[in-house]
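Here are the chains, one letter per residue:
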Amino acid sequence: MTIKGVLFDFSGTLFRIESVRDWLLAALNARGSTVPEAELVRYADLLAAAGALPGGSDPERVPAHLTELWATRDESMERHRAAYTGLARRVELPDEGLYDALYERHMAPAAWRPYPDAAEVLTALRERGLGIAVVSNIGWDLRPVFRAHGLDALVDAYVLSYEHGVQKPDVRLFRTACDALGQDPSEVLMVGDSRSADGGAAHLGCAVHFVDHLPVEERPAGLIPVIGLTGAPAGSPTAGGTLKA
């Protein structure tokens, strides 16, 4: 198989969101508020359990009134905001304005860090002439994150669920990305961290490679195998990975 294009997921694949504690602290600072350290930790733990941080851990439990909204949260900006602020409101915070401040914070480029090998891998693929697209289940425009971290010039196309009204694993999103690159799905590799969402590309005929959704410090070279999977010259660094057709 000759790979001519690569699709990348965003959160947990190329970038990772900040910790819940740092997210909450940034929102508090934006509001000019402070809480004692013990309270900061307690609120952070509760928000993490609620799954209130987009890109963070999933909710331990989704309340009944949010079930349908949660399942389709990435289909529009409005649903995404409502789902995550709804989960955050399960935690009684000391400032009513924090719920919106938290949501706004997670969209800030400063809230995201690229994985250590993201630039290296994207650059290597670009130098080999491969098309690159970002395919993300998301409710807001992530392009400023790529620009702020100097990676935007390495991406040919962005296919964002909220802009199309469908979310992964719907094959229509992957087909749109393949079309944007001008490539047949059989010549495209999808790289992501979610077997349920990103694995949908396999139904279109794409190869799929999974990475682990880990903190940035714990995954310094998780993307490097992609270089080898796209047919890099012998001697290029590779590691274990799952490739599915």
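These remarks concern the structure in this document. Along each chain, the written sequence defines residue order, and numbers are assigned to residues from 1. Since the coordinates come from a predicted model, pLDDT governs what is reported: local features require at least 70, and pairs of side-chain atoms require 80 or more to be given and counted, while whole-chain, interface and lining totals use all residues. Note that water and hydrogens are dropped before the side-chain values are worked out from all heavy atoms of the structure.

**Quick look at the environment of asparagine 137**
Secondary structure elements are defined from DSSP: runs of H or I of at least 4 residues count as helices, runs of E of at least 2 residues count as strands, and each element is numbered from the N terminus. Relative to the elements of secondary structure, asparagine 137 occurs in the loop between strand S4 (131-136) and helix H7 (143-148). Sequence separation between asparagine 137 and alanine 44 is 93 residues; the distance between their C-alpha atoms is 24 Å. Each polar contact in these results corresponds to two N or O atoms within 3.5 Å; when the atoms are within protein, one needs to be able to donate a hydrogen and the other to accept it, and residues that are neighboring in sequence are counted only if both atoms are side-chain atoms. Among the polar contacts made by the side chain of asparagine 137, one reaches the main-chain amide nitrogen of lysine 168 at a distance of 2.7 Å.

**Re helix H2 (residues 37-50)**
A helix is expected to reach a length of 1.5 Å times the quantity of its residues less one. The end-to-end C-alpha separation of H2 is 20 Å, in line with the 20 Å expected for 14 residues at 1.5 Å each. Two residues form a contact once any of their heavy atoms are found within 4.5 Å. Looking at the packing, one finds that the buried side of H2 touches helix H1 (20-31), helix H4 (77-88) and helix H5 (98-106). Of the residues flanking the end of H2, it is glycine 51, one or two places downstream, whose phi is positive at about 70°.

**Description of the pattern of salt bridges**
We define a salt bridge as a side-chain nitrogen of Lys or Arg found within 4 Å of a carboxyl oxygen belonging to Asp or Glu. Following the criterion strictly, the structure yields 17 salt bridges and no others. A salt bridge links arginine 143 to aspartate 141; the nearest nitrogen and oxygen atoms lie 2.8 Å apart. Put simply, Asp9, Lys168 and Asp198 are held in one network by salt bridges that share partners.

**A short note on the side chain of aspartate 9**
Checked against the element boundaries, aspartate 9 lands in the loop between strand S1 (5-8) and strand S2 (15-17). A distance of 2.9 Å separates a polar atom in the side chain of aspartate 9 from a polar atom in the side chain of threonine 13. Of note is the side chain of aspartate 9, whose polar atom sits 2.9 Å from the side chain of lysine 168. When neighbours within four sequence positions are excluded, aspartate 9 is seen to be in contact with Leu14, Val135, Ser136, Lys168, Met190, Val191, Gly192, Asp193 and Asp198.

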